[in-house]
Number of protein chains: 2
Amino acid sequence: MNNFKTELEQEVGFINDIIEKFLPDETGIDKKIMEAMNYSVNAGGKRIRPMLMLEVYKLCGGNNFLEVYPFMAALEFIHSYSLVHDDLPAMDNDDYRRGRLTTHKVFGEDFGILAGDGLLNHAYEIMAKALIEGEGEIDKKAKAMEIIARKAGIYGMVGGQAVDVELTGKPLTEEQLDFIFRLKTGALIEAAFLAGGYLAGCDDETASKLEKAAALIGFAFQIRDDILDVTGSLEELGKPVFSDEKNNKTTYVTLYGLEKSEMDVESMSNEAVNIIKSIGNNEFLEELVCNLINRNK
Amino acid sequence: MNNFKTELEQEVGFINDIIEKFLPDETGIDKKIMEAMNYSVNAGGKRIRPMLMLEVYKLCGGNNFLEVYPFMAALEFIHSYSLVHDDLPAMDNDDYRRGRLTTHKVFGEDFGILAGDGLLNHAYEIMAKALIEGEGEIDKKAKAMEIIARKAGIYGMVGGQAVDVELTGKPLTEEQLDFIFRLKTGALIEAAFLAGGYLAGCDDETASKLEKAAALIGFAFQIRDDILDVTGSLEELGKPVFSDEKNNKTTYVTLYGLEKSEMDVESMSNEAVNIIKSIGNNEFLEELVCNLINRNK
């Protein structure tokens, strides 16, 4: 376990260096937008999505790492933009994220909107550039970009956000919570897995397995979030406990109880790891998945 | 001129049909986001950008029209998202656009943000899908997507919006106004021209010409906007006259006067048309450009 923690810290540092290379320089007449974007991305995130993409790429035998870096950065930027827009006053209206002021609190609400737009577009700009001049085969890169776009959009993350926003403060049915879990969190995890697989040249059968494993991980991750909302503390999370409950939010725990929630996390976690084992050997990825799902903050 | 008007109306109808095909169906748990997106796109726009892309594609000898349609729709969606976000309370705070309630006034501010995000992402989803399964050569399509992403982002339209927002209510220098004109309006016109050219397989020299012509058109278009803000009327524009001046905005007219503004529009218009003539023969495109720049609403 200690070994894993060291390895994890190193990998986060490594991914931060990659992300840094794809962030814009803060220069020019419009440098405030670059500053707001960089502030948003450098908010101390765990880099889960790019890390999963990289490790799945390795799992599937990928070895030309330069071809996967732009897609890792792009996916993290898409994740970052979604947080920046989620935090806006008209959305969740959060002043803090990970113990730090949110983007719109520092740069103003207009630049919260624009920084999010800038990050989302920048993600595609990076990927499109990688297609026309980067390492690797264009067909594989186009497939990776397409799955990221699909999973990030209205049939993926944005769709999940929309339902989440629309139903805020209302009691949710099981079907509605399932929809939000699968799309709002699960979709980008699926994008990470599939993009990693496609870039490594995986076949269709492996792609199906990757998507299934990712869906389980995303779902379990979200259940864990709901569990932590009940059991966590401000110190551990960097945000007030029960912040999701301030609007009377239905969670997995309120629907199914704490015991079933813990059991479901456990079985989904096991199933996901077994799928990963059936594809190839990547112990770090397996530990990462368990660590994410069983985290205590 | 009557012929042109008829042709123009037909072409707008034709492009509306294309755009319609790429809009999402309003179904599913998250149908409200689809409704907000479709409302935003169907706001009676003139479809200038996709029309220019199509006509430049023809100018450069393109004849496999199916390959250009997804990019036309995508560019219009990017334009639409920028208007939806521009209209938000934290930005320009406009309740009306083209005489109709803005998206956030109808669907709420949260769905104004999300519909914009959805449209921006949907644009890339359409293009990425066109890359992996659509008509035409993948290399040309990737180049078209890359230029659209670059011109739409922080080094293009978003950069222009950022400076525009940051300097709202402050007197602008000539350099600042130039920056805003080139990026906020010009960038997407350049994207339309270059994407049309790339998809038709144009060479580098032609691409340079296209970019130059588009920059002139975008700039002249924006000057005309400022002229109309002085000389137009509510009935003609569908928004209050001087709406851009409510925040004491510096415009081309306030900086250079009406006479020089008219002269500059004229000379830029002529130069753009001459560049187009030097590339090939497309009388409709020439008339379209003149019509855009010399419009009275």
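Conventions and cut-offs
- Residues numbered from 1 in each chain as written.
- Chains lettered and ligands numbered in written order.
- Predicted model: local features only at pLDDT ≥ 70, side-chain atom pairs only at ≥ 80, totals over all residues.
- Heavy atoms only, no water.
- Phe/Tyr/Trp six-rings, centres within 6.5 Å; stacked < 30°, edge-to-face > 60°.
- Helix = DSSP H or I, 4+ residues; strand = E, 2+ residues; numbered from the N terminus.
- Buried < 20%, exposed > 50% of the residue type's maximum accessible area, 1.4 Å probe, protein only.
- Lys NZ or Arg CZ within 6 Å of the ring centre and 35° of its normal.
- Contact = heavy atoms within 4.5 Å.
- Buried area = accessible area lost by both parts, 1.4 Å probe.
- Least-squares fit on C-alpha atoms with pLDDT ≥ 70 in both.
- Axes fitted to C-alpha atoms, helices over the stretch in contact; angles between N-to-C directions.
- Parallel < 35°, antiparallel > 145°, perpendicular 65-115°, else oblique.
- Nonpolar A, V, L, I, M, F, W, Y, C, P; charged D, E, K, R; others polar.
- Patch = residues over 30% accessible without salt bridge, like charges linked within 9 Å, V, L, I, M, F, W, Y side chains within 5 Å.
- Areas by Shrake-Rupley, 256 points an atom, 1.4 Å probe, with all protein chains shown as cover.
- Salt bridge = Lys/Arg side-chain N within 4 Å of Asp/Glu carboxyl O.
- Lys, Arg positive; Asp, Glu negative; His and termini not counted.
- Charge placed at Lys NZ, Arg CZ, Asp CG, Glu CD.
- Polar contact = N/O pair within 3.5 Å; in protein donor to acceptor, adjacent residues only side chain to side chain.
- Disulfide = S-S within 2.5 Å.
- Left-handed = near helix turned anticlockwise from the far one by under 90°.

S.K.: I'd like to hear about the packing of aromatic side chains, residue by residue, with values.
M.R.: Given two aromatic rings, their pairing is described by the distance between the two centres and the angle made by the two planes. Under the counting rule described, the total for this entry stands at 17 aromatic pairs over all chains. The interplanar angle of 40 degrees and the centroid separation of 4.5 Å between the aromatic rings of A:Tyr252 and A:Tyr256 together place this pair among those described as tilted. Of this pair, A:Tyr252 and A:Tyr256 both sit in helix 12 (residues 252-256), four residues apart, which is roughly one turn of the helix. Accessibility expressed as a relative area gives 6% for A:Tyr252, which makes it buried. Residues B:Tyr39 and B:Phe107 carry aromatic rings whose centres are separated by 5.5 Å and whose planes lie at 65 degrees to one another, so their mutual orientation is edge-to-face. Of this pair, B:Tyr39 sits in helix 2 (residues 31-41) while B:Phe107 sits in helix 5 (residues 103-107), placing them 68 residues apart in sequence. Given a relative accessible area of 18%, B:Tyr39 falls into the buried group. Clustering of aromatic rings is evident, with ring pairs tying together A:Phe181, A:Phe219, A:Tyr252 and A:Tyr256. Just above the ring of A:Tyr256 sits the side chain of A:Lys260; from NZ or CZ to the centre is 5.5 Å.

S.K.: Please provide a residue-by-residue account of the interface of chain A and chain B, values included.
M.R.: With 50 residues of chain A at the interface, the matching set in chain B holds 50 residues. The contact between chain A and chain B buries some 4400 Å² in all, and 75% of this surface belongs to carbon and sulfur atoms. When residues of chain A are sorted by the area they lose upon contact with chain B, A:Ile29, A:Asn121 and A:Ile154 head the list and together hold 15% of the total. Counting only elements with at least two residues in the side of chain A that touches chain B, the list comes to helix 2 (31-41), helix 4 (69-86), helix 6 (109-133), helix 7 (138-152), helix 8 (157-166) and helix 9 (174-199) of chain A.

S.K.: Account for the relation of the copies chain A and chain B, with residues named and values stated.
M.R.: With an RMSD of 0.0 Å, chain A superimposes on chain B once it is rotated by 180 degrees and translated 0.0 Å along the axis. Such values leave the two copies arranged in the relation of a two-fold axis. Comparing interface residues between copies, 100% of those in chain A also sit at the interface in chain B, which points to an isologous, same-surface contact.

S.K.: Run through the packing of helix 2 of chain A against helix 6 of chain A, naming residues and quoting values.
M.R.: When two helices pack together, their arrangement is captured by the angle between the axes and the distance separating the axes. Residues and elements named next belong to chain A. Interhelical geometry of helix 2 versus helix 6 gives an angle of 75 degrees and a closest axis separation of 9 Å. With respect to helix 6, the axis of helix 2 lies roughly perpendicular. Judged by residue contacts, Lys 32, Ile 33, Ala 36, Met 37, Ser 40 and Val 41 of helix 2 engage Phe 111, Leu 114, Ala 115, Gly 118, Leu 119 and His 122 from helix 6. Per-class residue counts for the contact of helix 2 with helix 6 are eight nonpolar, three polar and one charged.

S.K.: Would you mind going over a negative patch on the surface in detail, with residue names and values included?
M.R.: There is a patch of like negative charges on the surface, built from A:Glu137, A:Asp139, B:Glu137 and B:Asp139. With respect to the helices, strands and loops of the structure, A:Glu137 is situated in the loop between helix 6 and helix 7. The class of A:Glu137 is exposed, set by a relative accessible area of 51%.

S.K.: Which residues make up the pattern of salt bridges, and what are the values?
M.R.: What the rule picks out here adds up to 29 salt bridges over all chains. Among the ionic pairs, B:Lys184 bridges to B:Asp164, the shortest N-O distance being 2.7 Å. Taken together, the positions of B:Lys184 in helix 9 (residues 174-199) and B:Asp164 in helix 8 (residues 157-166) put the pair 20 residues apart, joining distant regions of the chain. Here B:Glu262 makes a salt bridge to B:Arg224, at a shortest N to O gap of 3.5 Å. Placement of B:Glu262 in helix 13 (residues 258-279) and of B:Arg224 in helix 10 (residues 204-231) is noted, with a sequence separation of 38 residues between them. For B:Arg224, a relative accessible area of 8% gives the class buried. Three or more residues are tied together by salt bridges with common partners; here these are A:Asp86, A:Asp164 and A:Lys184.

S.K.: Go over a nonpolar patch on the surface, please, and point to the residues and values.
M.R.: Residues and elements named next belong to chain A. Together, Tyr 96, Leu 101 and Val 106 give the surface a local cluster of nonpolar side chains, amounting to about 270 Å² of exposed area. By the secondary structure assignment, Val 106 is in helix 5 (residues 103-107). Judged by relative accessible area, Val 106 falls into the partly exposed class, the value being 40%.

S.K.: So, unusual backbone geometry: which residues are in play, and what are the values?
M.R.: All names here are of chain A. Residue Arg 47 is not a glycine yet carries a positive backbone phi of 60 degrees. Along the chain, Arg 47 falls in the loop between helix 2 and helix 3 (48-59). Exposure remark for Arg 47: the relative accessible area of 4% places this residue in the buried category. Phi at Asn 93 is positive, roughly 55 degrees, even though this residue is not glycine. Checked against the element boundaries, Asn 93 lands in the loop between helix 4 and strand 1 (96-97).

S.K.: Can you break down helix 8 of chain B residue by residue, with the values?
M.R.: Burial analysis of helix 8 of chain B places nine of its 10 residues in the buried class, which makes it a mostly covered element. All of the buried residues along helix 8 of chain B are B:Met157, B:Val158, B:Gly159, B:Gly160, B:Gln161, B:Ala162, B:Val163, B:Asp164 and B:Val165. Considering only its buried residues, helix 8 of chain B is in contact with helix 2 and helix 6 of chain A together with helix 4 (69-86), helix 7 (138-152) and helix 9 of chain B.

S.K.: An account of the environment of B:Tyr256 is requested, with residue identities and associated values reported.
M.R.: Residues and elements named next belong to chain B. Tyr 256 sits in the partly exposed class, given a relative accessible area of 26%. Sequence separation between Tyr 256 and Glu 174 is 82 residues, and the spatial gap between their C-alpha atoms is 9.3 Å. A distance of 3.4 Å separates the side chain of Tyr 256 from the side chain of Glu 174, its partner in a polar contact.

S.K.: Can you explain the state of the cysteines? Please cite residues and give values.
M.R.: For the structure on display, the rule yields zero disulfides over all chains. For the unlinked cysteine B:Cys60, the closest cysteine sulfur is that of B:Cys202, found at 5.2 Å.

S.K.: A description of the packing of helix 9 of chain A against helix 10 (residues 204-231) of chain A should follow, citing residues and the corresponding values.
M.R.: All names here are of chain A. It is at 7 Å that the axes of helix 9 and helix 10 come closest, and there the two elements cross at 140 degrees. Here helix 10 runs oblique to helix 9, going by the angle between their axes. Where helix 9 crosses over helix 10, the two elements pack in a sense that is right-handed. Taken together, the residues of the contact of helix 9 with helix 10 sort by class into 14 nonpolar, five polar and five charged.

Shape is all these values report; function is a separate question.
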